[in-house]
Amino acid sequence: KQEVTQIPAALSVPEGENLVLNCSFTDSAIYNLQWFRQDPGKGLTSLLLIQSSQREQTSGRLNASLDKSSGRSTLYIAASQPGDSATYLCAVRRRETSGSRLTFGEGTQLTVNP
Amino acid sequence: DGGITQSPKYLFRKEGQNVTLSCEQNLNHDAMYWYRQDPGQGLRLIYYSQIVNDFQKGDIAEGYSVSREKKESFPLTVTSAQKNPTAFYLCASSYRTETQYFGPGTRLTVL
């Protein structure tokens with residue numbers, strides 16, 4: 001059974017810092033991995049999707065890497081801003097013949113202080 | 001305006017009552033999903049549907065039921081058999097195995 005773990009559970013940093021969020025998964029037979037952002041009481045917004053054949057994806061100040069063999073992904077946020085404060089969730093899509101199920105980690109709650 | 005809508009935003013259920021949560025999408029996506037989120041936790045899959053008139057159980061399907069009569073709609077019924085239904089419910093849709101797009105969620109509280 002696929003399990004996804006995110007470390008740390010919570011992180012508080014001053015504005016302007018570069019930071020790294022970690023995600024690990026137990027079964028390396030994944031189709032892709034996705035990072036989401038969730039604001040309090042809201043739905044999820046997709047940030048980056050990395051296919052299993054890719055090593056990294058970039059969008060603005062965000063960079064996500066994937067090391068499938070070791071079961072790890074990192075989300076790098078450059079020059080953090082108070083508006084980046086949210087919960088960040090990673091999710092892996094299994095390789096299955098039927099369905100495209102995502103397994104989620106529990107998230108990292110990020111607070112960026114002005 | 002394209003996207004996924006969920007209604008209602010807040011829902012209160014009495015003990016022993018069935019309630020239905022609505023999820024509609026106009027993105028022409030084939031697949032739709034229902035997740036449950038408890039405080040401080042990630043999302044757990046309840047049910048998903050790849051095509052109209054077909055759906056599969058997720059990891060925590062007990063006490064829930066769904067239907068997929070139209071491509072645009074995937075309602076979730078929380079039955080009285082679900083013993084701890086208080087949670088945040090999120091609906092999502094995707095085109096095959098691509099990015100899942102999420103609705104704004106419904107917060108269900110048992111009185």
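Conventions adopted
- Residues numbered from 1 in each chain as written.
- Chains lettered and ligands numbered in written order.
- Predicted model: local features only at pLDDT ≥ 70, side-chain atom pairs only at ≥ 80, totals over all residues.
- Heavy atoms only, no water.
- Pairing = 2+ DSSP bridges.
- Helix = DSSP H or I, 4+ residues; strand = E, 2+ residues; numbered from the N terminus.
- Axes fitted to C-alpha atoms, helices over the stretch in contact; angles between N-to-C directions.
- Buried < 20%, exposed > 50% of the residue type's maximum accessible area, 1.4 Å probe, protein only.
- Polar contact = N/O pair within 3.5 Å; in protein donor to acceptor, adjacent residues only side chain to side chain.
- Contact = heavy atoms within 4.5 Å.
- 1 Å grid on protein atoms, 1.4 Å probe; cavity = no way out; pocket = protein on both sides within 12 Å on 5 of 7 lines; lining within 4 Å.
- Points joined across faces, edges and corners; volume = space filled by probe spheres on them.
- Nonpolar A, V, L, I, M, F, W, Y, C, P; charged D, E, K, R; others polar.
- Buried area = accessible area lost by both parts, 1.4 Å probe.
- Salt bridge = Lys/Arg side-chain N within 4 Å of Asp/Glu carboxyl O.

## Thoughts on the sheet that holds strand β8 (residues 72–77) of chain A
Residues and elements named next belong to chain A.
Then step 1. Judged by pairing direction, the sheet is antiparallel, and its 5 strands sit side by side in the order β1-β3-β8-β7-β6 without closing on themselves. Here the strands that pair on one side only, and so sit at the sheet edges, are β1 (4–7) and β6 (56–59). With direction set aside, neighbouring strand axes in the sheet form an average angle of 15°.
Then step 2. Here 6 bridges tie strand β3 (residues 19–25) to β8, and the two strands are oriented antiparallel to one another. Each bridged residue has a counterpart across the sheet, and for L19 the counterpart in β8 is I77.

## Some points on the side chain of Q6 of chain A
All names here are of chain A.
Then step 1. Along the polypeptide, Q6 turns up in strand β1.
Then step 2. Residue classification places Q6 among the buried residues on the basis of a relative accessible area of 8%.
Then step 3. Here the side chain of Q6 touches Y88 through a polar contact of 3.0 Å, landing on its backbone oxygen.
Then step 4. Separated by 3.0 Å, the side chain of Q6 and the backbone nitrogen of G107 make a polar contact.
Then step 5. Beyond its immediate chain neighbours, meaning those up to four positions away, Q6 contacts N22, C23, W35, Y88, L89, C90, G105, E106, G107 and T108.

## Some remarks on the layout of surface pockets
A water-sized probe, rolled over the atoms, reveals where empty space remains.
Then step 1. Taken as a whole, the largest pocket encloses approximately 440 Å³ of empty space.
Then step 2. Lining the largest pocket are 21 residues, and of these Q38, T87 and Q109 of chain A together with Q37 and G40 of chain B sit closest to its centre.
Then step 3. Those elements giving two or more residues to the lining of the largest pocket turn out to be β9 (86–94) and β11 (108–113) of chain A.
Then step 4. Broken down by element, the lining of the largest pocket gets its largest block of residues, 3 residues, from β11 of chain A.
Then step 5. Its residues assigned to classes, the lining of the largest pocket comprises 7 nonpolar, 10 polar and 4 charged.
Then step 6. Estimated volume of the second largest pocket: approximately 350 Å³.
Then step 7. Going through the elements one at a time, β10 (102–104) of chain A together with β5 (43–49) of chain B are the ones with two or more residues in the lining of the second largest pocket.
Then step 8. Looking at the lining of the second largest pocket residue by residue, the class counts come to 6 nonpolar, 5 polar and 6 charged.

## A closer look at the interface of chain B and chain A
Then step 1. Contact residues are listed per partner, giving 24 residues for chain B and 23 residues for chain A.
Then step 2. Roughly 1,700 Å² of surface becomes buried between chain B and chain A when both sides are summed, with 48% attributable to carbon and sulfur atoms.
Then step 3. Counting the contacts that link chain B with chain A gives 2 salt bridges.
Then step 4. The closest approach of N and O atoms between R94 of chain A and D59 of chain B, which form a salt bridge, is 3.7 Å.
Then step 5. Run the count over chain B and chain A and you get 2 residue pairs in polar contact (both at pLDDT 80 or more).
Then step 6. Going through the elements one at a time, β4 (31–37), β5 and β9 (87–94) of chain B are the ones with two or more residues in the side of chain B that touches chain A.
Then step 7. Broken down by class, the residue content of the side of chain B that touches chain A amounts to 9 nonpolar, 10 polar and 5 charged.

## A short note on the environment of S65 of chain B
Then step 1. Tracing the backbone shows S65 of chain B in strand β7 (residues 64–66).
Then step 2. Using a relative accessible area of 31% as the deciding quantity, one classes S65 of chain B as partly exposed.

In short, geometric facts, not functional conclusions.
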